[in-house]
Amino acid sequence: MSASLTATLRHDWSLAEVKALFVQPFNDLLFQAQTVHRAHFDANRVQVSTLLSIKTGACPEDCKYCPQSGHYNTGLEKEKLMEVQKVLEEAARAKAIGSTRFCMGAAWKHPSAKDMPYVLQMVKGVKALGLETCMTLGRLDQEQTEALAQAGLDYYNHNLDTSPEFYGSIITTRTYSERLQTLAYVRDSGMKICSGGILGMGESLDDRANLLIQLANLPEHPESVPINMLVKVAGTPLENAEDIDPFDFIRMLAVARILMPQSHVRLSAGREAMNEQMQALAFFAGANSIFYGDKLLTTANPQADKDMQLFSRLGILPQAGEEHADEVHQAAIEQALVEQKSSEQFYNAVV
């Protein structure tokens, strides 16, 4: 692939073109993705974020994959919105272990007027700690979006989840056009977009391609594109969904990298089920962002110590944020590794 091709940003991808990428030989696809990746990023740097659920359970949406939906009995206890100070304490802990971005998620269809002042305080407080900020609060109206932007929110996460064609099989309480409208409000406000989808819900190859086309053909590519592998939770309609082939998941990451060369492609939910070899392959395919910590909202995530060890074995370093020096992250990793070597729970998973 020529350097000129790797530098091209496109917003006019067709289904035929994207499917052709998916079906080419695996090694050819990964070589192409790695070439594009190296044209835009340091291949041995990964952006590290921490995600905190600031309000858990009883969501009125009926997303078939989600344990937080009030439509399903998953045994998840309903919780109120966290106190601002507790959120800031969690953000400080995230910074101490090397995260550069702190993401806050609330199980809402949309934020209420009474909760918005507390949400805005959280944004301002996390920013004051020197972290990038990200939130996912459901659908936003224009006024709410502008308030978040004025408070200093850097990223807003609002996943499209799947293709427009398959969407109605997964969610009926919110339309695809509503999701796109929220993304438009976010972009118009000056904030950055975090938007991706989920694999393993029974979607077809066309659905996977069309999801990426929706994202890549936006007027501007999302700055962050999380690619999630379905975490099957008992009590949800998708608890018995067929496992996705690991190579198909890696293909999704590689195609996302090719279509959106300057975006951070996040290896997101489902990492708990991935061995180290699969994660290493994901980084080679162009994934350069992870969630770091014990949980992704309500489901398990590899422990921070395991991530640090894998980074060390692969020669990967966390990508520094705008206000963070590289040596700060390296020192945090080295200190944590020293502490972990004396811990008998080094490989224990969080329940």
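Remember, it's a predicted structure, so these values are computed and weren't measured experimentally.

(A) Region of the structure containing the side chain of Arg 266. Inspection of the secondary structure puts Arg 266 in strand β8 (residues 264-267). Here Arg 266 sits buried without a salt bridge, and the closest side chain of opposite charge, Glu 132, lies 7.5 Å off (N-O distance). A polar atom in the side chain of Arg 266 sits 3.3 Å from the side chain of Ser 49. Setting aside residues no more than four positions away along its own chain, Arg 266 makes contact with Gln 47, Ser 49, Arg 101, Cys 194, Ser 224, Val 225, Pro 226, Ile 227, Ser 289, Ile 290 and Phe 291.

(B) Focus on the pairing of strand β7 (residues 224-229). The element β7 is largely enclosed, with a buried count of six among its six residues. Side chains Ser 224, Pro 226 and Asn 228 project from β7 onto one buried face, and the interleaved Val 225, Ile 227 and Met 229 project onto a second face that is buried too. Examined bridge by bridge, strand β6 (residues 197-199) and β7 share three bridges and lie parallel to one another. Note that in β7 the partner of Gly 197 across the bridge is Ile 227. Here β7 runs beside β8; their pairing, made up of four bridges, is parallel. Along β8, the bridge assignment pairs Val 225 with Val 265. Crossover β7 to β8 through helix α10 (residues 246-259) is right-handed.

(C) How the structure looks around the confidence of the model for the protein. Averaged over all residues, the pLDDT of the protein equals 83, while 81% of them reach at least 70. Segment residues 1-6 is flagged for pLDDT under 50; beyond a separation of four residues in sequence, or across chains, it makes nine contacts in the model. Ignoring residues within four places in sequence, the model shows residues 332-351, a span with pLDDT below 50, making 26 contacts including any to other chains.

(D) Representation of the packing of helix α2 (residues 15-23) against helix α9 (residues 205-216). The N-to-C vectors of α2 and α9 enclose an angle of 115°; their axes lie 9 Å apart at closest approach. Seen from above, α2 lies across α9 with right-handed handedness. Packed against α2, whose contacting residues are Leu 15, Val 18, Lys 19, Phe 22 and Val 23, the element α9 presents Leu 205, Asp 206, Arg 208, Ala 209, Asn 210, Leu 212 and Ile 213 at the interface. Split into classes, the residues belonging to the contact of α2 with α9 amount to eight nonpolar, one polar and three charged.

Definitions and limits used
Residues numbered from 1 in each chain as written. Predicted model: local features only at pLDDT ≥ 70, side-chain atom pairs only at ≥ 80, totals over all residues. Heavy atoms only, no water. Helix = DSSP H or I, 4+ residues; strand = E, 2+ residues; numbered from the N terminus. Buried < 20%, exposed > 50% of the residue type's maximum accessible area, 1.4 Å probe, protein only. Lys, Arg positive; Asp, Glu negative; His and termini not counted. Salt bridge = Lys/Arg side-chain N within 4 Å of Asp/Glu carboxyl O. Polar contact = N/O pair within 3.5 Å; in protein donor to acceptor, adjacent residues only side chain to side chain. Contact = heavy atoms within 4.5 Å. Pairing = 2+ DSSP bridges. Right-handed = clockwise from strand over helix to strand, strands pointing away. pLDDT = per-residue confidence, 0-100. Axes fitted to C-alpha atoms, helices over the stretch in contact; angles between N-to-C directions. Left-handed = near helix turned anticlockwise from the far one by under 90°. Nonpolar A, V, L, I, M, F, W, Y, C, P; charged D, E, K, R; others polar.

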